[in-house]
Amino acid sequence: MAEKICVAVRVRPSISEESPSGTFWKIEDNRISLHKLHGTPISGLSYAFDHVFDESCSNSKVYELLTKDVIHAAVDGFNGTAFAYGQTSSGKTYTMNGSLNDPGIIHRAVNDVFQKIQMISDREFLIRVSYMEIYNEEINDLFAVENQKLPIHESLERGIFVAGLREEIVNNAEQVIKLLESGEVNRHFGETNMNARSSRSHTIFRMVIESKGIDTGSGDYSSSDAIRVSILNLVDLAGSERIAKTGAGGVRLKEGKYINKSLMVLGNVINKLSNGAKQRAHIPYRDSKLTRILQTALGGNAKTSIICTVAPEEVHVEETKGTLQFASRAKRITNCAQVNEILTDAALLKRQQLEIEDLRRKLQGSRSEVLEQEILKLRNDMLKYELEREKLEMELEEERRSHKEREQRIRDQQLKIENLSSLVSDGDRSSSQDSMKESPKDECNDFKTPCFKETSNNAFVAKRSNYSELPDFSPLPDSFSNVADEDTWFKMNKGYIADLDSLQTTPARKVQSFPPQDITPDCSNDNYKLELQNLKTQLELVIKEKVELQRKHEEEVQINSRLMGEICELKQELDLSNNSSESSKQRYGNLETEFQKLKEERDSLLQTVSESSKNITFLTDQKENILKDLNCEVQRRKDLEVEIKQFSVAFASRQRSLASIHGEFKSKIEKLRAENLVRY
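Residues numbered from 1 in each chain as written. Predicted model: local features only at pLDDT ≥ 70, side-chain atom pairs only at ≥ 80, totals over all residues. Heavy atoms only, no water.

Colleague: Explain the overall build of the chain to me, please; I cannot follow it from the model alone.
Modeller: Looking only at helices and strands, one finds 13 helices and 23 strands in the chain. As displayed, the chain has an accessible area near 43300 Å², and 52% of this comes from carbon and sulfur atoms. (Helix = DSSP H or I, 4+ residues; strand = E, 2+ residues; numbered from the N terminus. Areas by Shrake-Rupley, 256 points an atom, 1.4 Å probe, with all protein chains shown as cover.)

As structure tokens, this is what we get:
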């Protein structure tokens, strides 16, 4: 179903306390317009959108009005995308991430997804999350810092995806929030004149939501049901910036160039899409990795919401105009969103169905929470193994491709060397043939006995004399067995043709090529002079040809020397390529060795950590026991002090009673003594 992209504008609170001196932005319902200081609107600078949020608006209201429907549609099987666009320091990151008191769109979307899933009882869900950043046109994994410079691929089953990107299977919102916090630590931030903590990269938080219907009659899965797979992208774009305002230099300047380039490509894509299907030309999705990843969300199969943040200060009027024009063009884009259902084994939920069923039967006992954790752990392990396998397959394919290219390059170099060698040999052969051709001509010009090429024993080719008459009929084959006609031989073999007029039949007689005038009375003197002139002309042409051939021979010698130099250079390049391949193999082996060492060190560290944790646990137990003993001793001491006090009181009373008894006893003794003295 075709529907427009939902576009909203949010104005952040003003940072400076200075009152505007020329113009200011005014918000009226869902319209924002630029006004002069006295309240007069400026023509052509008024824009209407789906929603316009003023400075007092909270992230909760933005989420409820703009993004909540997209999140709920993603749970139902529609692809969804929400991203923030605007200049630097205009409030994009605050809108997407928020704060502790007012969480942003990402945190609210995560909580809302799990709340909606808990309300759906007739479907089973599996959620995977990933977090990436596009920094200087390179894709980095924020969940695994070792995964950097990741490539983008496209397939019929998965569509457009980032190969090697780590995905985590989650079952509650708390896990996702912890993963987001760990990913934010790895994100690139920097300080500029406009923002103390400026985002230097685009971030894309992706949730893949898979669901399958449950047959309520049997409580089991139905194998014929389709699996819904939807992708939810929550994007925090880096802000466009001007160097004059940000004061960027060095690394910050380079980052700003890449940010502005990708945002410019995004603007071009939005501009092309807003022209309509009839006037739409080629859409440059591939010019930027950001637009390539968001290709489905821009004019494709997705529900999309865009929040454009602007700064109200008068100094940022031009940047705000550009942002509002971008939002106006995006408002004209139409998407065709539909539920994504998969009937093949491409969905991870279908591949794990048997394993989930086996583990589900174990959940009937008392160890349900432990088994749930085991299920989650097994799912994550399975997903990691698949990602590692996919990454290894891609590395193997790259290695094969590079090996094929290297072999093809070596074959091309060898073929070039062979061609150059053949050219050198052909040049030598042609020069020798030219020199051989020159010698018969010289001999003919000197009226010497010419050489002729024997074809067989007692057989030669006879050239018809200029003075001989044509035969009336062709000779019989038997009577003409050892002599071939010139035309017949030339057509058959194109060989050397002997001139019978220059042959010496009698050794003692000097043969002349042309008879004198007295011997050939039939030929006139004028004809003889004309033939002589022709021969002189031919001689001059032959001399010129000889000079030209000598010049060509010298050029070919130079070309041969140059070709030999190129052959030596190619051989050196071939040796260098072989050495580089050997060094790459050696480097690969060294890297594998280092990887094994690092793995062993990691295992040893893990073992050390486990032993240390055991020791810490043991010491903690000992400490607790000592504290218990100490508390017991303190209590005993208090009890003893109480007993000592009681004993002291009893001892004092006993002492007083003994003293009184002693006094009575003493008085009685005195009485007895007095009585004894009186008696005596």
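This is not the end of the story, as more comes after the structure.
Colleague: Just checking my understanding: could you explain the nonpolar core for this structure?
Modeller: Soluble globular proteins tend to pack their nonpolar side chains together in the buried interior. Formed by 45 residues in total, the largest nonpolar core has its most connected members in Ile32, Phe49, Tyr85, Leu237, Leu266, Leu298 and Leu324. By residue number, the principal contributor to this core is helix 6 (residues 251–273), which donates seven residues. Here Leu266 is in contact with Tyr85, Leu237, Leu290, Thr291, Leu298 and Phe326, once residues within four sequence places are set aside. (Core = buried A, V, L, I, M, F, W, Y, C linked by side-chain atoms within 4.5 Å. Buried < 20%, exposed > 50% of the residue type's maximum accessible area, 1.4 Å probe, protein only. Contact = heavy atoms within 4.5 Å.)

Colleague: Where do I start with the side chain of Glu313 in this structure?
Modeller: Tracing the sequence through the fold places Glu313 in the loop between strand 18 (303–310) and helix 8 (317–330). Here Arg12 takes part through its side chain, which lies 3.1 Å from a polar atom of the side chain of Glu313. (Polar contact = N/O pair within 3.5 Å; in protein donor to acceptor, adjacent residues only side chain to side chain.)

Colleague: Explanation requested: the environment of Thr323 in the structure shown.
Modeller: Residue placement: Thr323 occurs in helix 8. Residue Thr323 is classed as buried on the basis of its relative accessible area of 5%. Once the C-alpha coordinates of Thr323 and Tyr85 are considered, the two residues, 238 residues apart in sequence, prove to be 7.7 Å apart. Once you skip the residues sitting within four places of it in the chain, Thr323 turns out to touch Tyr85, Gly86, Gln87, Cys308, Thr309 and Val310.

Colleague: I keep staring at the UniProt feature "binding site: ATP" (unreviewed entry) in the chain and nothing clicks. Help me out?
Modeller: Under the UniProt annotation, the feature "binding site: ATP" (unreviewed entry) is placed at Gly86, Gln87, Thr88, Ser89, Ser90, Gly91, Lys92 and Thr93. By the secondary structure assignment, Gly91 is in the loop between strand 7 (80–86) and helix 2 (92–97). (UniProt positions renumbered as here; feature names shortened; annotations may be inferred.)

Colleague: Explain empty space enclosed by the protein to me, please; I cannot follow it from the model alone.
Modeller: A probe as big as a water molecule, rolled over the atoms, marks out the empty space that is left. What the rule picks out here adds up to one cavity of 30 Å³ or more. Taken as a whole, the largest cavity encloses approximately 40 Å³ of empty space. Elements with a contribution of two residues or more to the lining of the largest cavity: strand 8 (123–135) and helix 6. If one sorts the elements of the lining of the largest cavity by residue count, helix 6 sits on top with three residues. Residues that form the lining of the largest cavity fall into these classes: four nonpolar, four polar and two charged. (1 Å grid on protein atoms, 1.4 Å probe; cavity = no way out; pocket = protein on both sides within 12 Å on 5 of 7 lines; lining within 4 Å. Points joined across faces, edges and corners; volume = space filled by probe spheres on them. Nonpolar A, V, L, I, M, F, W, Y, C, P; charged D, E, K, R; others polar.)

Colleague: I keep staring at the packing of helix 1 (residues 59–75) against helix 3 (residues 105–119) and nothing clicks. Help me out?
Modeller: In a packed pair of helices, the relevant descriptors are the angle between the two axes and the axis-to-axis distance. Direction vectors running N to C along helix 1 and helix 3 enclose 45 degrees, while the axes themselves pass 9 Å from each other. Classified by the angle their axes make, helix 1 and helix 3 are oblique. Crossing of helix 1 against helix 3: the hand is right-handed. Within the contact between the two elements, helix 1 uses Asn59, Ser60, Val62, Tyr63, Thr67, Lys68, Ile71, His72 and Val75 and helix 3 uses Ile105, Arg108, Ala109, Asp112, Val113, Lys116 and Ile117. Taken together, the residues that form the contact of helix 1 with helix 3 break down as eight nonpolar, four polar and four charged. (Axes fitted to C-alpha atoms, helices over the stretch in contact; angles between N-to-C directions. Parallel < 35°, antiparallel > 145°, perpendicular 65-115°, else oblique. Left-handed = near helix turned anticlockwise from the far one by under 90°.)

Colleague: Would you mind going over the pairing of strand 4 (residues 31–36) with me for this structure?
Modeller: Taken residue by residue, a regular strand's side chains alternate between the two faces of the sheet. The sheet contact formed by strand 3 (residues 23–28) and strand 4 spans six bridges and is antiparallel. Note on strand 4: the bridge partner recorded for Glu28 is Arg31. Two successive antiparallel strands, strand 3 and strand 4, enclose a turn made up of two residues, where Asp29 displays a positive phi of approximately 55 degrees. Sheet analysis places strand 4 next to strand 5 (residues 41–48), joined by four bridges and oriented antiparallel. Counterpart to Ile32 in the pairing with strand 5 is Tyr47. Here strand 4 hands over to strand 5 after four residues, with Gly39 in that stretch at a positive phi of 95 degrees. (Pairing = 2+ DSSP bridges.)

Colleague: I tried to follow the packing of aromatic side chains on my own but got confused; where do I start?
Modeller: As enumerated under the stated definition, the model contains five aromatic pairs in all. With 6.1 Å between their ring centres and 25 degrees between their planes, Phe647 and Phe651 make a pair best called stacked. With Phe647 and Phe651 both in helix 13 (residues 525–679) and four residues apart, the pair spans about one turn of that helix. Judged by relative accessible area, Phe647 falls into the exposed class, the value being 57%. Joined through ring pairs, the aromatic side chains of Tyr131, Phe143 and Phe205 make up one cluster. (Phe/Tyr/Trp six-rings, centres within 6.5 Å; stacked < 30°, edge-to-face > 60°.)

Colleague: Please explain the sheet that holds strand 4 as it appears in this structure.
Modeller: Within a beta sheet, neighbouring strands are joined by backbone hydrogen bonds and run either parallel or antiparallel to one another. Overall, antiparallel pairing links the three strands, which are arranged 3-4-5 in an open sheet. The strands lining the two open edges of the sheet, one partner per strand, are strand 3 and strand 5. Across the sheet, the mean angle separating the axes of adjacent strands is 25 degrees when strand polarity is ignored.

Colleague: It is not clear to me how the pattern of salt bridges should be interpreted in this structure. Could you clarify?
Modeller: Any two side chains of opposite charge can pair if their charged atoms end up close together. Tallied over the entire structure, the rule returns 20 salt bridges. Measuring nitrogen to oxygen at the nearest pair gives 3.6 Å for the salt bridge that ties Glu318 to Lys321. You can see Glu318 and its partner Lys321 sitting in helix 8, three residues apart, about one turn around the helix. We classify Glu318 as partly exposed; its relative accessible area is 46%. Several salt bridges converge on common partners, so that one network encompasses Arg128, Glu167 and Glu210. (Salt bridge = Lys/Arg side-chain N within 4 Å of Asp/Glu carboxyl O.)

Colleague: What should I look at first to understand a nonpolar patch on the surface in this one?
Modeller: A cluster of nonpolar side chains, contributed by Leu539, Ile543 and Val547, occupies part of the molecular surface with about 250 Å² of accessible area. Position of Val547 relative to the elements: it lies in helix 13. (Patch = residues over 30% accessible without salt bridge, like charges linked within 9 Å, V, L, I, M, F, W, Y side chains within 5 Å.)

Colleague: Please explain the environment of Thr40 as it appears in this structure.
Modeller: Tracing the chain through its elements places Thr40 in the loop between strand 4 and strand 5. Sequence separation of Thr40 and Thr23 is 17 residues, and the distance between their C-alpha atoms is 9.4 Å.

Colleague: Teacher, can you tell me more about unusual backbone geometry here?
Modeller: Where the residue is not glycine, phi is negative for most of them; where a peptide bond is considered, it is trans in most cases. In this structure, Ser89 is a non-glycine residue whose phi angle is positive, near 65 degrees. Along the polypeptide, Ser89 turns up in the loop between strand 7 and helix 2. Of note in this structure, Asn136 is not a glycine but carries a positive phi near 55 degrees. Within the element layout of this structure, Asn136 appears in the loop between strand 8 and strand 9 (138–141). Owing to a relative accessible area of 16%, Asn136 belongs among the buried residues under this scheme.

Colleague: Please clarify how helix 4 (residues 173–185) should be interpreted in this entry.
Modeller: Structurally, the α-helix is built with 3.6 residues per turn, so residues lying three or four positions apart point the same way. Taking 1.5 Å of rise per residue, 13 residues should cover 18 Å, and helix 4 covers 19 Å from first to last C-alpha, within 8% of that figure. Capping the start of helix 4, Asn172 holds a side-chain oxygen 3.3 Å from the backbone nitrogen of Glu174, two or three residues further along. (Expected span 1.5 Å × (residues − 1).)

Colleague: For this particular structure, what's the right way to read the environment of Asn30?
Modeller: By the element assignment, Asn30 lies in the loop between strand 3 and strand 4. For Asn30, a relative accessible area of 35% translates into the label partly exposed. Spatially, the C-alpha atom of Asn30 lies 5.2 Å from that of His51, the residues being 21 residues apart in sequence. Not counting residues up to four positions away in its chain, the partners in contact with Asn30 are Tyr47, Ala48, Phe49, Asp50, His51 and Val52. A polar atom in the side chain of Asn30 sits 3.3 Å from the backbone oxygen of Asp50.

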